[in-house]
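Listed below, chain by chain, are the residues.
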Amino acid sequence: MLPADVPLSHLGPSVLLLLQLLLPPASAFFPNVWSLLAAPGSITHQDLTEEAALNVTLQLFLEQPPPGRPPLLLEDFLGRTLLADDLFAAYFGPGSPSRRFRAALGEVSRANAAQDFLPTSRNDPDLHFDAERLGQGRTRLVGALQETLVAARALDHSLARQRLGAALHALQDFYSHSNWVEMGRQQPHPQLLWPRQELQSLAQVDDPTCSDCEELSCPGNLLGFTLLTSGYFGTHPSKPPGKCSHGGHFDQSSSQPPRGGINKDSTSPGFSPHHMLHLQAAKLALLASIQAFSLLRSRLGDRGFSRLLDITPASSLSFVLDTTGSMGEEINAAKIQARRIVEQRLGSPMEPSHYVLVPFHDPGFGPVFTTSDPDSFWKQLNELHALGGGDEPEMCLSALELALLHTPPLSDIFVFTDASPKDAFLTNRVEALTQERCCRVTFLVTEDPSRFHGRARREVLSPLRFEPYEAVALASGGEVIFTKDQYIRDVAAIVGDSIADLVTLPLEPSVVVPERPLVFSVDGRLQRVTVRIHGEVSSFWIRNPAGVSQGQEEGDGPLGHTRRFGQFWMVTMNDPLQTGTWEIQVTAKGIPRVRVQAQTSLDFLFHFGIPKEDGPHPGLYPLTQPVAGLQTQLLVEVTGLGSRGHPGDPLPHFSHVVLRGVPQGAELGQVPLEPVGPQERGLFAASLPPTLLSTAGPFSLEIIGQDGAGQGLHRAAPQPCAVVPVLLELSGPPSLLAPGTKAPLSLHIASFSGPRDLDLRTSVNPSFTLTSNLSRVSLEQNESAWGRLWLEVPDSAAPDSVVMVTVTATDREASTVPPTHAFLRLLVLPPAPQNQLPAPVYSTDPVLTTTSPTLHPSTSVTRGGAGGGLVGNPWWGTVGGALILLGLASC
């Protein structure tokens with residue numbers, strides 16, 4: 001365990017990298033990289049969080065040598081920028097994808113930055129160590145770290161990352177907002193992470209702390225004494241006489257004597273009166289953040305800490321299985337394939353990090369089974385048998401929704417069934433949830449009209465009954481594969497390939513057009529390219545850039561190996577592939593489906609945001625999806641830039657984004673990508689065009705560039721995005737969510753694209769009582785409405801259990817406008833009366849106002865469940881309460 005007051009020399013080898021990492025400064029105590037437009041050269045909360053995580057990850061790698069590979073050497077990382085891609089290549093092997101790890105770091109970083117934007121946190125002095133509320137701030141900091149542990153032990157890692165981001169924000173703010181640096185301290189505060197020890201030498205309310213300063217820069221305004229203080233911000237609470245302000249243009253308290261301030265958030269005197277101490281504060285904040293990560297590692301263990309930050313190139317394994325009597329072959333196929341994956345990857349870097357299993361039938365579904373232990377997963381799967389029957393429609397989408405709630409982001413989910421959904425009304429909601437969770441869904445459907453054994457069928461079955469599966473597959477970037485019993489085991493083999501880190505290559509055109517070949521590009525970063533064709537195919541051929549062709553004949557050909565399973569064809573191309581433009585020509589009855597996938601570490605993550613430049617902490621406000629009528633930035637993070645390259649080679653560069661309609665694939669426009677920060681970080685920004693944002697609807701993203709040798713690069717996002725018609729946000733209760741309580745929720749809805757007449761529907765899983773004071777709202781352009789919901793948590797609710805609340809807004813007048821969904825995930829915790837805060841009193845009336853685009857981040861959904869307690873940890877006993885996850889995931 002790492003003591004909070006340990007000398008720097010004992011922090012571990014990774015701390016030796018700090019000088020290399022900090023000099024020169026990469027980019028603040030401002031929220032994120034977007035803040036650099038206001039204060040160039042500053043260190044952001046995002047920088048501090050990611051660099052601390054990389055340091056502790058390197059320390060873990062140095063102390064735990066990789067199986068079958070030489071140990072890492074610290075000297076190999078000295079004098080160079082520490083990057084996630086380099087760490088993964090050194091530890092797991094060249095080309096090992098760091099995409100999930102970087103996505104997890106992004107969740108923590110954006111949750112950190114969101115503390116400056118959330119209406120419930122941005123002005124709370126306890127969450128920023130403002131207004132001399134240092135003891136209260138320490139309590140809230142420790143509470144957030146406790147909740148991180150609880151959520152991580154409940155396998156709710158996305159929720160744990162959100163709470164970790166909030167904790168790190170407060171911890172880092174302490175060194176910027178207090179006078180710890182001005183007191184000459186060279187190490188982090190020794191008691192800040194140890195709440196059993198009282199904070200010493202705190203300034204009292206009648207102790208004057210600052211003198212008047214009328215300049216932007218105030219290097220000598222702190223009075224000469226050794227008491228710990230922090231600045232007041234705004235008007236709540238009001239600044240007592242003689243006290244320091246936070247300072248900066250947007251701090252109203254800084255105009256009241258004593259003027260000026262003491263914050264060290266940035267290098268800009270207009271924002272930070274103590275800007276000259278910014279780098280010293282940043283160094284201490286980084287050391288303190290490393291201490292916090294190290295404490296979490298000591299409490300969770302290396303395996304648990306690795307799961308918290310997704311320190312693995314592997315994906316999860318998630319199955320949704322129909323268990324009615326006709327599904328014997330499908331269940332056996334799933335068992336065989338799961339066993340094969342477990343046995344082949346056990347002990348390797350590609351061993352699945354998380355297992356999820358959800359059965360369903362008619363009329364029931366579930367329960368969900370989650371584990372990180374492959375033996376437990378296999379035992380549970382092996383106990384499933386095909387029993388009973390019923391008419392064909394089953395509760396498939398309900399089971400899939402349950403799986404999505406418990407599956408980590410950036411995962412594949414496989415659904416085995418032979419029936420259409422009885423719960424098709426959930427289609428839109430499940431579509432939205434797959435995109436919010438960035439999960440890809442593949443349906444394996446053994447729809448065989450000749451088979452009646454074990455399945456009662458109605459006399460008339462709609463030919464459109466599988467359309468909900470098609471819609472969910474399209475929205476998630478997955479597919480629907482129809483096959484028969486005799487082929488299901490072979491077709492199920494795609495499961496093993498799909499949980500590798502595969503990318504789907506863009507096709508032009510995106511769908512098969514008679515007499516026109518499909519075109520795709522192969523670059524030198526791609527391996528294990530496969531072509532899958534599904535449909536009533538009479539013939540096809542594949543041609544490489546040199547003009548060499550291969551037809552549909554099974555077996556080995558000049559380009560690869562072809563296998564056929566009924567109407568499903570798979571061609572595995574030979575490595576290495578010739579780079580350049582390839583073609584596929586398919587002749588078939590109807591419209592066949594063609595998908596080209598490849599393995600590569602050169603990929604990208606993305607998220608959306610709104611620039612916030614009108615406050616004390618300028619930055620990028622995160623959004624889950626763009627909103628119609630609201631100017632939005634696209635942030636792209638390229639992973640694997642240095643993979644398969646040689647030291648000294650020029651890095652790949654991406655120049656622009658291509659936007660396409662879904663599903664037709666028509667080009668909607670191109671926008672340039674602008675680099676943000678150092679090239680090796682692979683960060684780019686683009687402004688989405690107003691034409692795209694003028695109406696609601698789906699679209700896809702592709703990024704275009706060149707490698708170091710000038711060869712073209714083309715990557716597509718794994719799933720489409722959507723411009724949603726309205727901004728819909730659901731935020732959780734500030735009071736505890738515990739059995740036997742009634743928790744208030746807040747709802748915010750705004751329109752930026754014209755008048756809207758909306759119906760609002762709510763649901764909760766499990767079926768707790770949920771009431772709302774807002775069921776319908778009419779909005780003009782740039783109008784907002786606020787409402788309240790009340791969630792009644794019964795006495796029978798189990799601690800550490802997950803509650804998911806959904807609000808859906810549907811346009812009453814435009815049936816073609818897609819509904820908008822907001823998801824809020826809450827974790828029920830045991831109450832701790834000594835730490836409870838009084839619940840505020842809320843108005844029961846909805847509020848409607850005219851608004852400018854002032855936003856509040858959306859909330860999202862992820863995994864919870866049973867988990868261990870906090871016995872023996874270095875922090876206080878459990879602080880109960882609701883854990884709220886923001887919409888901060890990257891896809």
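Predicted model only: the values in this text are computed from it and were never measured.

Procedures and definitions
Residues numbered from 1 in each chain as written. Predicted model: local features only at pLDDT ≥ 70, side-chain atom pairs only at ≥ 80, totals over all residues. Heavy atoms only, no water. Helix = DSSP H or I, 4+ residues; strand = E, 2+ residues; numbered from the N terminus. Buried < 20%, exposed > 50% of the residue type's maximum accessible area, 1.4 Å probe, protein only. Disulfide = S-S within 2.5 Å. Pairing = 2+ DSSP bridges. Contact = heavy atoms within 4.5 Å. Axes fitted to C-alpha atoms, helices over the stretch in contact; angles between N-to-C directions. Polar contact = N/O pair within 3.5 Å; in protein donor to acceptor, adjacent residues only side chain to side chain. Phe/Tyr/Trp six-rings, centres within 6.5 Å; stacked < 30°, edge-to-face > 60°. Parallel < 35°, antiparallel > 145°, perpendicular 65-115°, else oblique. Left-handed = near helix turned anticlockwise from the far one by under 90°. Nonpolar A, V, L, I, M, F, W, Y, C, P; charged D, E, K, R; others polar. Salt bridge = Lys/Arg side-chain N within 4 Å of Asp/Glu carboxyl O. Core = buried A, V, L, I, M, F, W, Y, C linked by side-chain atoms within 4.5 Å.

**Q** Whenever I open this one, the environment of Lys612 confuses me. Can you help?
**A** Counting through the fold element by element, Lys612 comes out in strand β15 (residues 603-612). Since its relative accessible area comes to 12%, Lys612 is described here as buried. Residues Lys612 and Phe117, spaced 495 residues apart in sequence, show a C-alpha to C-alpha distance of 8.7 Å.

**Q** Looking at this model, I keep getting lost on the state of the cysteines. Mind explaining?
**A** A covalent bond between the sulfur atoms of two cysteines is referred to as a disulfide. Scanning the entire structure with this criterion turns up two disulfides. Across the disulfide from Cys210 sits Cys244; the S-S distance is 1.9 Å. Where Cys210 bonds to Cys244 through sulfur, the torsion about that S-S bond is close to 95 degrees, and the disulfide is right-handed. Of this pair, Cys210 sits in the loop between α6 (157-177) and α7 (278-308) while Cys244 sits in the loop between α6 and α7, and the two are 34 residues apart along the sequence. An identical accessibility class is assigned to Cys210 and Cys244; each is buried. Each disulfide pairs two cysteine sulfurs, and for Cys213 the partner residue is Cys218, the sulfurs being separated by 2.2 Å. Between Cys213 and Cys218 the disulfide shows an S-S torsion of about -90 degrees. By sign, it is left-handed. Taken as a pair, Cys213 and Cys218 share a single burial class, namely buried. We note that Cys439 lacks a disulfide partner, and the nearest cysteine sulfur, in Cys438, lies 7.4 Å from it.

**Q** I'm lost on the sheet that holds strand β21 (residues 683-687) in this one. Help?
**A** Strand pairing in a sheet takes place through backbone hydrogen bonds and is either antiparallel or parallel in direction. The sheet built from five strands is open, its strands ordered β16-β15-β17-β21-β20 with antiparallel pairing. Edge positions in the sheet fall to β16 (619-623) and β20 (674-675), since each has one partner strand and no second. Pairing of β15 with β16 involves five bridges; the strand directions are antiparallel. Directly across from Ile610, in β16, lies its bridge partner Tyr621. Seen against the sheet, helix α4 (residues 99-114) touches β15, β16 and β17 (633-639) and runs at an angle of roughly 15 degrees to β15.

**Q** Hey, could you run me through the environment of Asp759 in this one?
**A** Tracing the backbone through its elements, the reader meets Asp759 in strand β27 (residues 756-765). Sequence separation between Asp759 and Thr808 is 49 residues; the distance between their C-alpha atoms is 8.0 Å. Every residue in contact with Asp759, bar those within four places of it in the chain, is listed here: Ser775, Arg776, Thr808, Ala809, Thr810 and Arg812. In this structure the side chain of Asp759 is engaged in a polar contact, spanning 2.7 Å, whose partner is the side chain of Arg812.

**Q** Hey, could you run me through the packing of aromatic side chains in this one?
**A** Geometry of an aromatic ring pair is reported as the spacing of the ring centres plus the angle between the planes. In this structure the tally under the stated criterion is 24 aromatic pairs. Ring geometry for Phe61 against Phe92: centres 5.8 Å apart, planes inclined by 85 degrees, an arrangement best described as edge-to-face. Highlighted residues: Phe61 in helix α2 (residues 45-63) and Phe92 in helix α3 (residues 84-92), separated in sequence by 31 residues. On the basis of relative accessibility, which here comes to 15%, the residue Phe92 falls in the buried class. Seen from their ring centres, Phe443 and Tyr469 are 4.6 Å apart, and the 15 degrees between their planes marks the pair as stacked. Within this pair, whereas Phe443 is found in strand β5 (residues 440-445), its partner Tyr469 is found in helix α12 (residues 467-476), the two being separated by 26 residues in sequence. The burial state of Phe443 is the same as that of Tyr469; both residues are buried. Grouping aromatic residues by their ring pairs yields a cluster made of Phe61, Phe88, Tyr91, Phe92 and Phe101.

**Q** Hey, could you run me through the sheet that holds β5 in this one?
**A** On the basis of which strands lie adjacent, the open sheet formed by six strands has the order β3-β2-β1-β4-β5-β6 and mixed pairing. Each end of this open sheet is capped by a strand with a single partner; those strands are β3 (369-371) and β6 (479-482). Averaged over all neighbouring strand pairs, the angle between strand axes comes to 15 degrees, with direction disregarded. Direction of pairing for strand β1 (residues 317-322) relative to strand β4 (residues 412-417): parallel, over a ladder of four bridges. Looking across to β4, one finds that Leu321 is bridged to Phe416. Helix α9 (residues 374-382) contacts β1, β2 (355-360) and β3 of the sheet and is inclined by roughly 10 degrees relative to β2.

**Q** Can you help me understand unusual backbone geometry in this one?
**A** Only a minority of non-glycine residues have a phi that is not negative, and only a minority of peptide bonds are not trans. Residue Pro258 is reached from Pro257 by a cis peptide bond, and omega for that bond is -5 degrees. Mapping Pro258 onto the fold places it in the loop between α6 and α7. A cis geometry characterises the amide bond from Asp575 onward to Pro576, with omega recorded as -5 degrees. Relative to the helices and strands, Pro576 is located in the loop between β13 (568-573) and β14 (580-599). For Cys438, which is not glycine, the phi torsion reads 60 degrees and is therefore positive. Tracing the backbone shows Cys438 in the loop between α11 (427-437) and β5. Positive phi values are uncommon outside glycine, yet Arg528 reaches one of about 50 degrees. Judged by relative accessible area, which is 39%, Arg528 ranks as partly exposed.

**Q** Please explain the packing of α2 against α7 as it appears in this structure.
**A** Each pair of packed helices gets described by two things: the angle between the helix axes and the distance between those axes. Running from amino to carboxyl end, α2 crosses α7 at an angle of 45 degrees, the nearest separation of the two axes being 8 Å. The orientation of α2 with respect to α7, classified from their angle, is oblique. The element α2 and its partner α7 pack so that their crossing is right-handed. The segment α2 lies against α7, with Leu48, Thr49, Glu51, Ala52, Ala53, Asn55, Val56, Gln59, Leu60 and Glu63 engaging Ala282, Ala285, Leu286, Ser289, Ile290, Phe293, Ser294, Arg297, Asp302, Phe305 and Ser306. A breakdown of the residues in the contact of α2 with α7 according to their chemical character gives eleven nonpolar, six polar and four charged.

**Q** Explain the pattern of salt bridges to me, please; I cannot follow it from the model alone.
**A** It is possible for side chains bearing opposite charge to pair when their charged atoms get close. As enumerated under the stated definition, the model contains 33 salt bridges in all. Glu63 is the partner of Arg297 in a salt bridge, and the nearest nitrogen-oxygen pair spans 2.8 Å. Of this pair, Arg297 sits in helix α7 while Glu63 sits in helix α2, and the two are 234 residues apart along the sequence. By relative accessible area, which is 11% here, Arg297 ends up buried. Judged by relative accessible area, Glu63 falls into the partly exposed class, the value being 39%. Across the pair Glu508 and Arg516 runs a salt bridge, and its minimum N-O distance is 3.5 Å. A relative accessible area of 40% means that Arg516 is categorised as partly exposed.

**Q** Sorry if this is basic, but what is going on with the nonpolar core here?
**A** Taken as a class, soluble globular proteins show a tendency for nonpolar side chains to be buried jointly. Counting residues in hydrophobic clusters, the biggest one holds 68 residues, and the most contacted among them are Leu171, Tyr175, Phe293, Phe305, Leu308 and Leu309. Mapped onto this core, the elements with two or more residues apiece are α2, α3, α4, α5 (134-153), α6 and α7. Ignoring any residue separated from it by four or fewer positions in sequence, one finds Leu308 in contact with Ala152, His157, Ala160, Arg161, Leu164, Leu296 and Leu300. Ala103, Phe684, Ala686 and Phe752 belong to the second largest nonpolar core, which has 41 residues in total.

**Q** In this structure, what is going on with the packing of α5 against α7? I would like to understand it.
**A** The contact between α5 and α7 brings their axes to 11 Å, and the two run at 45 degrees. As the angle between them shows, α5 and α7 are arranged oblique. Judged by the twist between their axes, the crossing of α5 over α7 is left-handed. Facing Leu145, Thr148, Leu149, Ala152 and Arg153 of α5, the residues of α7 in contact are Leu296, Arg299, Leu300 and Leu308. Class assignment of the residues belonging to the contact of α5 with α7 gives a composition of six nonpolar, one polar and two charged.

Function cannot be read off these values alone, since they describe shape.
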